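Here is how the chains run, residue by residue.
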Amino acid sequence: MFESTSTFMHDPLPEEALPEEPLAHGLKQRHLTMLGLGGVIGAGLFVGSGAGISVAGPGIIVSYLLAGALAMLVMRMLGEMSAAMPASGSFSVHAERALGRWAGFSVGWLYWFLLVVVLAVEATGAAKIANGWVPGFPQWAWVLVFMVFFTVSNLAAVKNFGEFEFWFAALKVGAIVLFLVLGTLAIVGWLPDTDPVGLANLTGQGGFLPNGWGGVVSGVLAVVFAFGGLEVVTIAAAESDDPARSVARAVRSAVWRILFFYVGSMLVIVTLLPWRSAKPDESPYVAVLDSIGVGSAGQIMNVVVFVALLSALNANLYGSSRMIFSLAERGEAPQALLAVSGGGVPRRAVFASVAFGFVSVLLNLLWPTSVFLYMLNAVGAVLLFVWVLIAVSQLRLRRRIEREVPERLVLRMWAFPYLTWAALAAMAAVLVLMLFDDGARPQLLWSGGATAVVLAVAFWRERRGGGGSGADREAGAVSSTV
């Protein structure tokens, strides 16, 4: 059972089998594997990487290595806990088990707010591309089409989400693999009308680090948030046939390949193109394809970015609905959201998430540079706060699992606890750097304010005994696992 915080922190982990989630188990291993690969490959890579190149030059390779290494460590920590204790609330449940109800409440609501706000950016971005293809159909109507379509898809069955994400991710992964192949052939001069490019673009124009290590650091700040999205695979694992083994396999297959895709892409781009030609608001992938003679490169990348945005929209709607459902299971959200359809879908949780998503979209369409910008800044650094709590939770839970139920450790964090502490130090460094960066400071301050408000509510609820008693919360499927 889920006990109060003081009791909980001393209770042993039960050795019996983990209880079943009340949600459907419609996701297969191939869904989770591809979700792990494609979950972090989005518009932030295909378009946003231009901003990183413009400040770091060829040193963006180092920036992606550093940011990617941090993301890999977080993914490994999260994979370890999710394989040992799978739950639809993932890191929110782990934070509650490790640190108390205030932590689970705070990280769960912050992450839900992050997803439903970013969902508006993705829907609006996809609508702008679609409006360019069919100008006669207004942008707001495209947004409505996308939101309704994916709402219906998420209401039907979890396997629909899995299938959509599988094929979306397959297209994104296929596009990057093809880009890497064509880029490599162009670098060695094996494409028609191309000559070997050598290292001129890597070492010329100021050298490999034209703006020094300061440029590399600025590059890290520009690209680290592009790795957001890896968390969804651990949320989805709870709805697979074998959650523990499924998430372990997905994490193992994803971490190295993700780093390869990101760093490999950047290496191809800065080798083929002078870094000064990169523009923050344009895709460097289009520039590379144009330079090697691929016709209609812009439209090809538009299709890829369009798919990436719809994939992120679908994943964020899914992740937000499962997170708020998990909060309701633990008495941290309205109990009405616990209703599950005959097919095992938390439909009220889906409606709650998409309803706020519609509000976010409306604000983005009406006041993109005022009201919605404030909301976007309020979630700008939330991902790092979530990662910090994941690392702290893993530090607390790993020893208990080793001591009480070591057989659940089917996936282990590398070099524990040293790499966990290294990851925490790196995240603290990024937060400090954001504070001194003129472009990133507003996001950090707004996000810090939003986090402080949520923490204040969490501690206020804990002091007054909010969230229901242990008996009231027994209905939550994950509540008796730890």
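Below, the structure is looked at part by part. Keep in mind that what you see is a predicted model, and the values were worked out from it rather than measured. (Residues numbered from 1 in each chain as written. Predicted model: local features only at pLDDT ≥ 70, side-chain atom pairs only at ≥ 80, totals over all residues. Heavy atoms only, no water.)

1. Structural notes on the overall build of the chain
In step 1: If you tally the helices and strands in the chain, you get 20 helices and 0 strands.
In step 2: Here the chain has a C-alpha radius of gyration of 22 Å; the compact-globule value for 482 residues is 23 Å, and the two agree.
In step 3: Considering only C-alpha atoms, the chain reaches an extent of 70 × 55 × 40 Å along its principal axes.
In step 4: A sequence separation of at least 24 residues applies to 82% of the contacts in the chain between residues at least 6 apart.
In step 5: Summing over all exposed atoms, the chain offers an accessible surface of approximately 18,500 Å²; the carbon and sulfur share of this is 67%.
In step 6: Of the side-chain charges in the chain, 30 are positive and 30 negative, and the distance between the mean point of each set is 2 Å. (Helix = DSSP H or I, 4+ residues; strand = E, 2+ residues; numbered from the N terminus. Rg over C-alpha atoms; globule rule 2.2 N^0.38 Å. Contact = heavy atoms within 4.5 Å. Areas by Shrake-Rupley, 256 points an atom, 1.4 Å probe, with all protein chains shown as cover. Lys, Arg positive; Asp, Glu negative; His and termini not counted. Charge placed at Lys NZ, Arg CZ, Asp CG, Glu CD.)

2. A short note on the environment of Val288
In step 1: Within the secondary structure layout, Val288 lies in helix α14 (residues 284-291).
In step 2: Linking Val288 and Leu182, residues 106 residues apart in sequence, is a C-alpha distance of 9.7 Å.
In step 3: Once residues within four sequence positions are removed from consideration, Val288 is found in contact with Phe179, Ile269, Leu272 and Leu273.

3. What about helix α4 (residues 49-56)?
In step 1: By the burial criterion, the buried members of α4 are Ser49, Gly50, Gly52, Ile53 and Ala56. Down the axis, α4 shows its buried residues gathered within 160 degrees of arc, on one side only.
In step 2: Buried residues along α4 sit against α3 (43-46), α5 (60-84), α11 (212-223), α13 (243-272) and α14.
In step 3: Gly57 sits one or two residues past α4 and shows a positive phi near 65 degrees. (Buried < 20%, exposed > 50% of the residue type's maximum accessible area, 1.4 Å probe, protein only. Arc of directions from axis to C-beta.)

4. Brief notes about a nonpolar patch on the surface
In step 1: A cluster of nonpolar residues, Trp140, Leu144, Val148, Val152, Phe358, Leu362, Leu365, Leu366, Trp367 and Val371, forms a patch on the protein surface that exposes about 900 Å² of accessible area.
In step 2: Here Val371 shows up in helix α17 (residues 371-378). (Patch = residues over 30% accessible without salt bridge, like charges linked within 9 Å, V, L, I, M, F, W, Y side chains within 5 Å. Salt bridge = Lys/Arg side-chain N within 4 Å of Asp/Glu carboxyl O.)

5. Focus on the side chain of Glu122
In step 1: Note on placement: Glu122 falls in helix α7 (residues 101-133).
In step 2: Leave out the neighbours within four places in its chain, and Glu122 touches Leu309, Ala312, Leu313 and Asn316.

6. A closer look at the packing of aromatic side chains
In step 1: Under the defined criterion, the tally for this structure stands at 24 aromatic pairs.
In step 2: Ring geometry for Phe164 and Phe168: centres 6.3 Å apart, planes at 25 degrees, overall stacked. Of this pair, Phe164 and Phe168 are both found in helix α9 (residues 158-187), 4 residues apart, which corresponds to roughly one turn of the helix.
In step 3: Relative accessible area serves as the criterion here: at 27%, Phe164 is assigned to the partly exposed category.
In step 4: Classification of Phe168 by relative accessible area gives buried; the value is 15%.
In step 5: The structure contains a cluster of three or more aromatic residues connected by ring pairs, namely Phe105, Trp109, Trp112, Phe113 and Phe356.
In step 6: Over the aromatic face of Phe166 sits the side chain of Arg30, whose NZ or CZ is 4.7 Å from the ring centroid. (Phe/Tyr/Trp six-rings, centres within 6.5 Å; stacked < 30°, edge-to-face > 60°. Lys NZ or Arg CZ within 6 Å of the ring centre and 35° of its normal.)

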